[in-house]
Amino acid sequence: MLYGADYNPDQWPEDVWDDDVRRMNEAGVNIVSLGIFAWSRIQPAEGVWDFGWLDRVIDTLHAGGIRVNLATATASPPPWVSATYPETLPADETGASYWPGSRQHFAPSSPVYRRLAGELVRRIAERYVDHPAVVMWHVGNEFGCHLWMDYSDAARDAYRLWLRERYGTVEALNAAWGTTFWSQRYGAFDEVFPPRLAPYSHNPSSMLDFRRFTSDMLLECYLAERRILLAAGATQPITTNFMGPFKPADYRRWAPHMDVIADDCYPDPAHPTRVRDSAFQRDLVRSLKPGVPWLLWEQATDAVNWRPANPGKAPGALAAETAQSIGRGADGIMFFQWRQSRAGSEKFHSAMLPHAGTQTRTWQEVVSLGERLRRLGELPAPGSDARAALVFDWENWWAVEERDHPFEIDYLAVALEWYGALHRRGVMVDIIGPEEADARYDLVLAPALYLLRDDGAAALNRYVGEGGTLLTGPFSDIVDQHDQFCDGGFITRLGEALGIRYEDFGALAGPPAGGMGVGALGAVGAVGAGDPQTVALTLDGIAARGTLVAEAIHATTAEVVVVFDDGPNAGRPALTRQRHRAGEAWYVATMPDATGVDAIVARLLRETGVRPVVDDLPDGVEVARRGSLVTVINHGDVPATLDLAGTDVESGHPLGRTELAPQQVVFCALPLAEPSTPDATERIPAAVS
Ligand code: GLA
C-alpha cells in the first residue's frame, strides 16, 4: 500500500527537508510525488539548468527510505516561456489569450510548448532514470483541469491536421459533418477553424470532433512525454493523474497508455450525495483497467481552498473516504500535499502536515491512517466482483449535451442517479463503455445512449443474445458516431432486440421561464392542466414520475410492463421488456425520477438475481467487495449494526453482529478464499510493490 503526498520542497528552505523526512516516517509515508510544479526552479531561464537542489532532495528522501514518484514538471511553464514564446499561450473562444500568472497556461497543441516541455522531460529523465529512489513517473498534472478547450492558433493548425488525418479528404469531412446544412461546405481543410465564438449554434458534428480533438491533444502531450521517458530507459510505471468523470478527456481512450491508473478525488464534505458520487468515481477508475489496482493520487486531508465555502471533513471521515477507495480497488493513498504551503493560491488548502503543526486532529488522523494501512497488508486484486455494469461513455456525454435538442440533459447526473440505486443497496457495479458489455455481467444499465457507435450496438446486441439483461432508454440509439440520424428512423440498431418501434420524442415542458415565448408554459400549469414537466407512471405499486420526455413508442414484440398514467402519451408504453431465448432487453420511455429509477432497479435486480455484497444495509452504511475483502463503512451520523461473516483484517478477530460508530470502518476478510481471484502480486507494477 503506497501512502504519501505531493511534495513541494522547493517552497521551503533546505533545512526543513530533514524534518520533512523524519515526519514522513512518523506518519508512515513511503512515497511522494516530487517536483510537479518545479519547472521554473529546474530551468530558471532558457538554457540554464539547476538540478543541484533536486539531486539533494531525492538523495535525502532516499536516505530516509521514502520512494519518489518523479514529476516531469511540465504543468506550469515558467514566466520566461510565456514571455519569450507567447505562441505557447492558449486562447478562449473569442480568441483572447489566457495569460501567465496561474498555471496550465499552455496550448496543448503548441509545437513550441511541446518542444520546450520535451527538453525538460529529457533532461529530468536522463538524470534520474536510474536513481534507486525513483519508482514511478508522474507526467504533467491533471491534464486539462482548468482549461477545458483551447481555441488558439496552435489549436487551429493542429485541428486541421487532426481532421485531415481522420477524414483523408475534405469530401469525407463534409459528409461526416453534414455541411450542406447552412452553407457550411468546406473546400479545403485550411478553411476549418476551431468552434470560436459564432452568432449561433455551431455544427454539432463539428463540436463532437472538436471535443475528440481536445481529448486527443491532451493525450498527445502525455504520450510525447511518455515516449521521452521510455527513450531515456525508464522501466518504472508511467502515469498521470485522472479526475474521475472529467468531461474533456475520454479516459477510456487514455487508459491503455497508463501503466497504472492514478486518480484525484475531492469529495465535498458538505454535499449530500458525496458518498455516492465518490463511489462512482472510484468504480469508474477501477473499471478503466480491469483487474489492476489503481492509485488514489490526490485527496485532501481536510478542507480545500477552491469551493465557494470550504468546510473541513468530519472527524474520522478521512479514514472513511480512504476506505472507500481501498474497497473499490485502490492500492495507494496519496494527498495533496505533504506540507501546507505558506504562500500562493493554495495556502488555505489542507495537507498531511498542517501549518498549525502536529498538535492537530489532522496530523493525528494522518498518523493513525498510516498505521492502519500498514496493518492491512497485501490485498486481493479488484475487478471481478461486479455482476452489474453501468454504461458511461464520453462521446455520449459530449454529444447528448450539445444544444438544439428536444430537451436538455445532464448526462453525468443521469448516470449518478442509476448508479445510486445500485450503490445504495450495496451492489457492486463496473462502469463500462457500450463495447465492453459482455458475459461478465448479468445486468447492464445503459440509461443514456443517444450516440451509438456500430461496435457498441453490436456488443449490446450480442450481450442480450448471449443471455444478458440490458436496460436502455430514453433518447437512446438516436445518432451515429458523427451525430447524424441513421437511415430508417430512431432506435434502428437496438430496436429488434428491444422489440419496440420509435415514433416521437415527446419532449415535456421545461421549467417555466420569464419572457414572452415561454411565459405560456407557466399558464398551462396555472389553468390546471397538470404538471407539464412530468408524467406519472406506476411500477410494482410504486408511483413515480417521468421527466424530460414521455416518448411515443410502439411495442412491436415487447411486453408492455408499465404505461404512462397521464401526459401526452397516456396509455402508451413507458417500460417494456423483450424476452429472448436467453437474454432480455428493457426500454424505459422517459427519464424516471429517483423513485422511478429505484423501482426499476429493484425490479431488474429481482429478475436477474444480482445480489448486494451485504443484504439489508442500514442507512448510511456503504459496502464494497474486493475479492475476499469486504469493506464496511458507516458514513452516517448515528451508530449502525449489521451482521458480518468474516474476520476483522486489522485485529484478526472474528466478526459477527457488529456495531459501527459514525465514520467507523471495518475491513472484513471473508472466510473462503476466492478461487477465481488471481494472485494480487501480478496486478501491480513490479517496481511499485
Ligand atoms: C489538484 C492539483 C493539485 C492541487 C489540488 C488542490 O488536484 O493536482 O496540484 O491544486 O488540486 O486541491
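Our structure's up above, just so we're on the same page.
What comes next is a walk through the structure. (Residues numbered from 1 in each chain as written. Predicted model: local features only at pLDDT ≥ 70, side-chain atom pairs only at ≥ 80, totals over all residues. Heavy atoms only, no water.)

What the protein contains, in helices and strands, is 18 helices and 27 strands. Against the globule reference of 26 Å for 689 residues, the protein gives a C-alpha radius of gyration of 26 Å, in line with a compact fold. Considered along the principal axes of its C-alpha atoms, the protein spans approximately 75 × 70 × 50 Å. Taken over 689 residues, the protein has a buried fraction of 59%. When the accessible area of the protein is evaluated, it comes to approximately 26,700 Å², of which 52% is carbon and sulfur surface. Here the protein holds 60 positive side-chain charges and 91 negative ones, and the gap between their average locations is 2 Å. (Helix = DSSP H or I, 4+ residues; strand = E, 2+ residues; numbered from the N terminus. Rg over C-alpha atoms; globule rule 2.2 N^0.38 Å. Buried < 20%, exposed > 50% of the residue type's maximum accessible area, 1.4 Å probe, protein only. Areas by Shrake-Rupley, 256 points an atom, 1.4 Å probe, with all protein chains shown as cover. Lys, Arg positive; Asp, Glu negative; His and termini not counted. Charge placed at Lys NZ, Arg CZ, Asp CG, Glu CD.)

Here the focus is the sheet that holds strand β1 (residues 2-7). Hydrogen bonds along the backbone pair up the strands of a sheet, which may run parallel or antiparallel. If you walk across this open sheet you meet the 9 strands as β5-β4-β3-β2-β1-β9-β8-β7-β6, and the pairing is parallel. Each edge of the open sheet is held by one strand with a lone partner, namely β5 (238-239) and β6 (241-242). Sheet topology places β1 next to strand β9 (residues 330-335); 4 bridges connect them, and they run parallel. Paired with G4 across the bridge in β9 is M334. Along the sheet, helix α3 (residues 52-63) contacts β1, β2 (31-34) and β3 (67-71); its crossing angle with β2, the most-contacted strand, is approximately 170 degrees. Most of the contacts of helix α10 (residues 274-288) go to strand β8 (residues 294-298), to which it runs at about 130 degrees, and overall it touches β6, β7 (262-264) and β8. (Pairing = 2+ DSSP bridges. Contact = heavy atoms within 4.5 Å. Axes fitted to C-alpha atoms, helices over the stretch in contact; angles between N-to-C directions.)

Our next topic: the packing of helix α1 (residues 17-27) against helix α12 (residues 361-376). Packing of α1 against α12 brings their axes to within 7 Å, and their N-to-C directions diverge by 60 degrees. Relative to α12, the element α1 lies oblique. Taking contact as the criterion, the partners of R23, E26 and A27 in α1 are, on α12, W363, V366, V367 and G370. For the contact of α1 with α12, the residue count by class is 4 nonpolar, 1 polar and 2 charged. (Parallel < 35°, antiparallel > 145°, perpendicular 65-115°, else oblique. Nonpolar A, V, L, I, M, F, W, Y, C, P; charged D, E, K, R; others polar.)

With that settled, consider a nonpolar patch on the surface. Where nonpolar side chains cluster on the molecular surface, the patch consists of F181, W182 and Y200 and spans about 380 Å² of accessible area. Position of Y200 relative to the elements: it lies in the loop between α7 (170-177) and α8 (204-231). Take Y200: its relative accessible area is 48%, and that puts it in the partly exposed class. (Patch = residues over 30% accessible without salt bridge, like charges linked within 9 Å, V, L, I, M, F, W, Y side chains within 5 Å. Salt bridge = Lys/Arg side-chain N within 4 Å of Asp/Glu carboxyl O.)

Attention now moves to the sheet that holds strand β11 (residues 429-432). In spatial order, the strands read β11-β10-β12-β13-β20-β19-β18; together these 7 strands make up an open sheet with mixed pairing. Each of the sheet's edge strands pairs with one partner strand only, and the pair in question is β11 and β18 (559-563). Sheet twist, expressed as the average angle between the axes of neighbouring strands with direction ignored, equals 20 degrees. Its contacts with the sheet put helix α18 (residues 594-608) on β12 (443-446), β13 (469-472), β18, β19 (573-579) and β20 (584-588), and the angle it makes with β12 is roughly 155 degrees.

Here we come to the site of the ligand. For the ligand, the full set of nearby residues is F37, R103, N141, E142, D264, Y266, E298, W306, F336, E346 and H349. Here H349 contributes a side-chain N or O atom positioned 2.7 Å from an oxygen atom of the ligand. The fraction of the free accessible surface of the ligand (300 Å²) that becomes covered by protein chains is 97%. Split by residue class, the shell around the ligand holds 4 nonpolar, 2 polar and 5 charged. (Near = heavy atom within 4 Å. Polar contact = N/O pair within 3.5 Å; in protein donor to acceptor, adjacent residues only side chain to side chain.)

Centre-to-centre distance and the angle between the planes together describe a pair of aromatic rings. Enumeration according to the criterion identifies 38 aromatic pairs in this entry. Ring centres of F242 and Y251 lie 3.7 Å apart, and the angle between their planes is 10 degrees; on these two criteria the pair is classed as stacked. A relative accessible area of 0% means that F242 is categorised as buried. When the ring centre of W53 is taken as origin, the NZ or CZ atom of R41, which lies over that ring, is 4.9 Å away. Positioned over the ring face of F193 is R160, at 4.9 Å from the centre of the ring. (Phe/Tyr/Trp six-rings, centres within 6.5 Å; stacked < 30°, edge-to-face > 60°. Lys NZ or Arg CZ within 6 Å of the ring centre and 35° of its normal.)

A few words on the nonpolar core. Residues L61, W137, W254, F392 and W418 are the most contacted members of the largest nonpolar core, which totals 170 residues. Excluding its chain neighbours within four sequence positions, the residues that come into contact with W254 are F143, S215, L218, L219, Y222, T240, F242 and A249. Formed by 18 residues, the second largest nonpolar core is a distinct cluster that contains A158, Y159, A176 and M217. (Core = buried A, V, L, I, M, F, W, Y, C linked by side-chain atoms within 4.5 Å.)

None of this, on its own, says anything about what the molecule does.
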